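Residue-level listing of the chains:
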Amino acid sequence: EAKLIVAITESGFTANNIARQRTFTEILVITANPLVKRQLQLSWGIQDVLISKSTELEQIKQLLIKNKKVQKGDKIIFVKSNPDQNNFISLQTIL
């Protein structure tokens, strides 16, 4: 079972769609937009919103470890959706 769902978003649409499912898994959002951060803090089920300009998974994993959101052995689901780029879902384990 995954410990965390990480939604990487520019507009907040992806994160809100995940939160709408009322999952028991903690949802964390990565965005570069401070306005989106403030808006998502009011959404049900979204535990935390971090600001990061990077969308590289390795850099995001390091940010999560630095902020003590995950530890070694945790499984994380990464979800990203952009209108002009490819969408992806990835399950990864922190090593």
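Residues numbered from 1 in each chain as written. Predicted model: local features only at pLDDT ≥ 70, side-chain atom pairs only at ≥ 80, totals over all residues. Heavy atoms only, no water.

(A) A look at the sheet that holds strand β4 (residues 75-80). Spatially, β3-β2-β1-β4-β5 is the arrangement adopted by the 5 strands of the open sheet, whose pairing is mixed. Edge strands, defined here as strands with exactly one partner in the open sheet, are β3 (46-51) and β5 (88-93). Across the sheet, the mean angle separating the axes of adjacent strands is 20 degrees when strand polarity is ignored. Bridging between strand β1 (residues 4-8) and β4 involves 5 bridges; their strand directions are parallel. Its bridge partner being in β4, Leu-4 is matched across the sheet by Ile-76. (Pairing = 2+ DSSP bridges. Helix = DSSP H or I, 4+ residues; strand = E, 2+ residues; numbered from the N terminus. Axes fitted to C-alpha atoms, helices over the stretch in contact; angles between N-to-C directions.)

(B) Summary view of the nonpolar core. Ranked by size, the top nonpolar core spans 13 residues in total, and within it Val-6, Leu-64, Ile-76 and Phe-78 carry the most contacts. Of all the elements in the fold, those that place two or more residues in this core are β1, β2 (26-31), α3 (57-66) and β4. Ile-76 has contacts with Leu-4, Val-6, Leu-64, Val-70, Ser-90, Leu-91, Gln-92 and Ile-94, leaving out every residue within four places of it along the chain. Counting 12 residues, the second-largest nonpolar core is a separate cluster that includes Ile-5, Ala-7, Ala-15 and Ile-18. (Core = buried A, V, L, I, M, F, W, Y, C linked by side-chain atoms within 4.5 Å. Buried < 20%, exposed > 50% of the residue type's maximum accessible area, 1.4 Å probe, protein only. Contact = heavy atoms within 4.5 Å.)

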